[in-house]
Amino acid sequence: MSDRRGPRPRPAPTSGLPRTGRRPAHPSDRPGGGRWRARTSDRRPDHARRRTLVPLLALALLLPLVACTAGDRGGGRDSAKDGSGDGRARANTVRVLASSELVDMKPLFEQARKATGITVRPTWAGTLDAVEQVASGTADRAFDAVWLSSNDYLRLDPEAARRIASETPLMASPVALGVRPATVRRLGWDPRAVSWAQVHRAVEAGDLTYGMTDPSRSNSGFAALVSVASGLSGAQAALTDADVRRASPRLKEFFAGQRLTSGSSGWLASAYTRRPTVDALINYESVLLSLNRDDGAGLTVIRPRDGVVTADYPLSALASATPEARDAVRTLTEHFRSTGVQREITARTLRRPVVAAARPADPLSPEQRRELPFPGSRSVADGLLSSYEHRLRRPSRTVYVLDTSGSMEGRRLAQLTSALTGLTGDFRQREEVTLLPFGSTVKRVRTHTVDPADPQAAPAAIRADAAALTAEGDTAIYSSLAAAYDRLGPDTESAFTSIVLMTDGENTAGRSAAEFAAFYRALPEARRATPVFPVVFGDSDRSELESIAALTGGRLFDGTKEEGPGSLDGAFEEIRGYQ
């Protein structure tokens with residue numbers, strides 16, 4: 001359902017804007033997403049607070065990851081043609097903190113410059129980083145505007161909300177279900193008449209499995225979570241705690257059918273192509289239709305008839321921007337909302353236009369859908385996310401294959417210990433974590449499960465195990481990976497299974513790459529579904545690790561920087577979205 005309104009001034013911030021019925025269309029996820037966790041207390045170490053920033057806050061900036069898959073975590077600035085990549089304000093230039101998914105709009109930025117004389121200088125950011133910058137005021141110094149998939153979550157946080165002066169929706173994309181045509185036929189569905197209740201019944205009966213991005217790290221995932229919760233609760237107004245409690249049994253049944261999770265839409269799509277036994281994807285309509293157009297996915301795209309949650313991609317001027325910069329933002333929004341540009345946007349991105357004179361691109365159904373209720377307060381959104389993380393979704397089982405060879409002695413081992421220690425504040429209830437350190441051979445292996453009755457015990461034990469790691473021996477990468485697959489065993493259905501490989505060098509002992517490839521290919525199909533996520537660190541061979549990721553359907557992460565995005569602890573945190 002398109003939002004056909006023009007620019008709207010920011011309302012005075014409140015702590016949980018109640019919403020009833022229609023809301024200004026909604027969000028997406030980023031090429032790397034951010035990390036969001038329900039905030040229970042701010043009196044915690046910085047690393048824990050960073051991992052637990054309110055989902056909504058984080059959600060505020062979700063970005064779907066359709067166009068950008070590299071650099072899922074960090075951000076980057078596109079230098080303007082005048083070479084001004086230093087971030088300073090310049091005349092006729094708008095500095096925009098933008099969702100990474102909007103990289104598909106770059107050709108239109110150049111057209112906007114020619115039409116208006118205004119240069120759009122985007123800095124692509126991950127969700128958490130962008131929200132932190134807006135809420136903390138850091139964005140005030142570096143940007144004139146923010147362009148996110150949605151401002152809905154941001155509105156629920158008074159600190160962030162008061163920093164937005166105005167916002168104008170520029171396009172829209174609802175949450176949808178992309179289903180393999182054979183599955184649609186098997187279920188006897190009429191794609192125009194499917195409801196969330198029907199989807200739930202198919203999942204409960206074991207007739208439908210699906211993938212979706214992690215709601216705590218991807219806005220498309222959170223929007224999907226809200227869609228399902230609203231659809232199954234029967235809520236008619238702003239989603240409440242009572243609605244979530246009422247729907248919880250059905251939500252647990254629904255999420256039992258989730259077979260793929262990811263921190264980004266791009267990797268999710270790749271994983272889906274490797275898993276023919278997974279029937280569907282839940283993501284933004286534009287992402288699913290782009291998969292059909294660009295990759296020949298052949299999905300039947302269904303917008304459930306009982307309602308959707310929609311991203312409206314508002315271009316928002318910051319309250320700190322100069323009057324000249326605000327005027328430039330206004331000029332850009334008028335340009336992007338012009339009929340001709342709206343037609344080009346919908347044709348290029350398969351998002352829906354927000355002005356009546358522009359028709360949606362051909363693959364987009366003209367039928368409208370009711371906008372499902374959104375959480376009416378931050379506490380409801382946080383509670384919904386917490387329920388998903390700790391009770392509703394299938395638990396995770398992860399083996400951390402950790403290089404503790406002689407070359408790791410000293411600073412590198414200290415970095416590894418610190419990264420593992422920081423990660424312990426992020427584990428979910430029911431999660432199984434195995435530390436498999438190796439040198440010339442596999443060393444002492446320890447497995448811990450986070451018990452809901454005592455959720456601090458396992459993290460404490462993991463911290464103790466991390467502190468006890470020692471560096472010695474050669475580097476048996478492939479033998480240790482094989483041991484990790486053996487450790488996980490045949491059961492890959494009851495949990496999200498994954499292997500994280502951290503090494504600072506090349507393979508020097510044990511199995512060769514060819515021998516491991518033969519081992520992996522000989523595994524039963526269900527066990528081959530477990531991906532390996534290698535982390536580049538120290539002197540590790542990037543091409544060797546890329547080959548491991550490609551073979552197993554994983555993804556390479558960068559841990560070469562000292563701190564922040566691209567550091568070892570940053571890589572471990574980012575991988576959490578894939579577990």
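These numbers were taken from a predicted model, which means no experiment stands behind them.

**Student:** Can you break down the overall build of the chain residue by residue, with the values?
**Tutor:** Along the chain, the regular secondary structure elements total 23 helices and 19 strands. The buried share of the chain, taken over its 579 residues, is 60%. Considering only contacts within the chain whose residues lie at least 6 apart along the sequence, 80% involve residues at least 24 apart. Put simply, the chain shows about 20200 Å² of open surface, and 50% of that area lies on carbon and sulfur atoms.

**Student:** Pulling in residues and values, what's your account of the packing of aromatic side chains?
**Tutor:** Tallied over the full model, the rule gives 18 aromatic pairs. Judged by centre distance (6.0 Å) and plane angle (80°), the rings of Phe533 and Phe557 are edge-to-face. Taken as a pair, Phe533 in strand S18 (residues 532–536) and Phe557 in strand S19 (residues 557–558) lie far apart in primary sequence, 24 residues in all. In textbook terms, an aromatic cluster arises when at least three aromatic residues are bridged by ring pairs, as seen for Tyr478, Tyr485, Phe516, Phe519 and Tyr520. Lying over the aromatic face of Tyr272, Arg180 brings its terminal NZ or CZ to 4.0 Å of the ring centre. Directly above the ring of Phe519 sits Arg511, whose terminal nitrogen or CZ lies 4.9 Å from the centroid.

**Student:** Describe the pairing of strand S13 (residues 314–318), and please don't skip the residues or the numbers.
**Tutor:** Extensive coverage of S13 is indicated by the burial of five of its five residues. Both faces of S13 are covered, namely the face carrying Pro314, Ser316 and Leu318 and the face carrying Leu315 and Ala317. Direction of pairing for strand S5 (residues 145–147) relative to S13: antiparallel, over a ladder of three bridges. Residue pairing for S13: Ala145 is matched across the bridge by Ala317. Bridge count between strand S6 (residues 164–169) and S13: five bridges; the pairing is antiparallel. Paired with Glu167 across the bridge in S13 is Ser316.

**Student:** Quick one: what's the story with the environment of Ala483, residue by residue and with numbers?
**Tutor:** Relative to the helices and strands, Ala483 is located in helix H19 (residues 477–488). Sequence separation between Ala483 and Leu436 is 47 residues; the distance between their C-alpha atoms is 8.7 Å. Ignoring any residue separated from it by four or fewer positions in sequence, one finds Ala483 in contact with Leu436 and Val442.

**Student:** Describe the nonpolar core, with residues and values.
**Tutor:** Counting residues in each nonpolar core, the largest one holds 70 residues, and the members touching the most others are Met105, Trp147, Trp189, Phe254, Phe255 and Phe336. No other element matches the eight residues that helix H10 (residues 219–233) contributes to this core. Apart from residues no more than four positions distant in its own chain, Met105 is found in contact with Trp147, Met171, Phe336, Ile345, Thr349 and Arg351. Counting residues in hydrophobic clusters, the runner-up holds 40 residues, among them Met502, Phe557, Ala571 and Ile575.

**Student:** Could you give me a rundown of helix H12 (residues 265–274), with the residues and numbers involved?
**Tutor:** Burial within H12 is extensive, with seven of its 10 residues counted as buried. Along H12, the positions that sit buried rather than exposed are Ser265, Gly266, Trp267, Leu268, Ala269, Ala271 and Tyr272.

**Student:** Quick one: what's the story with the pairing of strand S3 (residues 93–99), residue by residue and with numbers?
**Tutor:** Among the seven residues of S3, seven are classified as buried, and the element is accordingly described as predominantly covered. Both S3 and strand S4 (residues 119–125) contribute to a ladder of seven bridges, which runs parallel. Each bridged residue has a counterpart across the sheet, and for Val96 the counterpart in S4 is Pro122. Note that the unit made of S3, helix H3 (residues 106–116) and S4 has a crossover that is right-handed. Direction of pairing for S3 relative to S5: parallel, over a ladder of three bridges.

**Student:** How would you explain the sheet that holds strand S15 (residues 432–438) if you had to name every residue and give the values?
**Tutor:** Spatial strand order, S16-S15-S14-S17-S18-S19: six strands in an open sheet with mixed pairing. Of all strands in the sheet, those with a lone pairing partner are strand S16 (446–449) and S19, marking the two edges. By the bridge criterion, seven bridges tie strand S14 (residues 396–403) to strand S17 (residues 496–503) in an arrangement that is parallel. Note that in S17 the partner of Thr398 across the bridge is Ser498. Against the sheet, helix H23 (residues 568–575) engages S14, S17, S18 and S19, with an angle of about 160° to S18.

**Student:** Please give an account of the side chain of Ser216 that cites residues and values.
**Tutor:** For Ser216, the position within the fold is in the loop between strand S8 (210–213) and H10. The class of Ser216 is buried, set by a relative accessible area of 0%. Engagement of the side chain of Ser216 in a polar contact is seen with the side chain of Asp214, the distance being 3.0 Å.

**Student:** Go over the confidence of the model for the chain, please, and point to the residues and values.
**Tutor:** Chain-level pLDDT for the chain is 85 on average; 84% of the residues reach the 70-or-more range. Note that pLDDT drops below 50 for residues 1–75; the model gives that stretch 337 contacts with residues more than four away or on any other chain. Low pLDDT, under 50, characterises residues 79–84; the predicted model gives this stretch seven contacts beyond four residues in sequence or across chains.

**Student:** Quick one: what's the story with the packing of H3 against helix H14 (residues 323–336), residue by residue and with numbers?
**Tutor:** Remark: H3 packs on H14, axes separated minimally by 11 Å, with the N-to-C direction vectors making an angle of 110°. Compared by their axis directions, H3 and H14 come out roughly perpendicular. Between H3 and H14 lies a crossing whose hand is right-handed. Here H3 contributes Leu108, Phe109, Gln111, Ala112, Ala115 and Thr116 to the contact with H14, which in turn contributes Thr331, Leu332, His335 and Phe336. Among the residues forming the contact of H3 with H14, the class breakdown is six nonpolar, four polar and no charged.

**Student:** Go over the packing of helix H9 (residues 196–204) against H10, please, and point to the residues and values.
**Tutor:** For the pair H9 and H10, the least separation of the axes is 9 Å and the interaxial angle reads 100°. Put simply, H9 runs roughly perpendicular to H10. Facing H9, whose interface residues are Trp196, Ala197 and His200, H10 presents Ser227, Val228, Gly231 and Leu232.

Thresholds, definitions, all that
Position labels on residues start from 1 in each chain and follow its written sequence. Under the rules for a predicted model, residues below a pLDDT of 70 receive no local features and side-chain atom pairs below 80 are neither given nor counted, while totals for whole chains, interfaces and linings still include all residues. The basis for every side-chain value is the complete set of heavy atoms in the structure, and neither hydrogens nor water enter the calculation. Helix and strand definitions follow DSSP, with helices as H or I runs of at least four residues and strands as E runs of at least two, each counted in order from the N terminus. Burial classes follow relative accessibility: with a 1.4 Å probe on protein chains only, a residue under 20% of its type's maximum area counts as buried, one over 50% as exposed, and anything between as partly exposed. Only heavy atoms enter the contact rule, under which two residues are in contact if any of them lie within 4.5 Å. Here the Shrake-Rupley method, with its probe set to 1.4 Å, supplies the accessible areas, and only the displayed protein chains count as covering residues. Side-chain rings of Phe, Tyr and Trp (the six-membered ring for Trp) are treated as a pair once their centres are within 6.5 Å; stacked means planes under 30 degrees apart, edge-to-face means over 60, and tilted covers the remaining angles. Any Lys NZ or Arg CZ found within 6 Å of a ring centre and within 35 degrees of that ring's normal is scored as a charge over the ring. Pairs of strands are assigned from DSSP output, requiring at least two bridges between the strands. For the purposes of this section, nonpolar cores are sets of buried Ala, Val, Leu, Ile, Met, Phe, Trp, Tyr and Cys residues that join through side-chain atoms within 4.5 Å. Handedness is read with the strands pointing away from the viewer; a crossover is right-handed when the path from the first strand over the helix to the second is clockwise. Only the contacting stretch of a helix is used when fitting its axis, a line to C-alpha atoms as for every element, and angles between N-to-C directions run 0 to 180 degrees. For the purposes of these results, a polar contact is taken to be a pair of N or O atoms within 3.5 Å, where, inside protein, one atom must be able to donate a hydrogen and its partner to accept one; residues adjacent in sequence count only when each atom of the pair is a side-chain atom. Every residue carries a pLDDT, the predictor's confidence in it, which falls somewhere between 0 and 100. In these notes the angle categories are as follows: under 35 degrees is roughly parallel, over 145 is roughly antiparallel, 65 to 115 is roughly perpendicular, and the rest is oblique. Note on convention: the crossing is left-handed when the near helix lies turned anticlockwise from the far helix by less than a right angle, right-handed when the turn is clockwise. Polar here means any residue other than Ala, Val, Leu, Ile, Met, Phe, Trp, Tyr, Cys and Pro, which are nonpolar, and Asp, Glu, Lys and Arg, which are charged; Gly is therefore polar.

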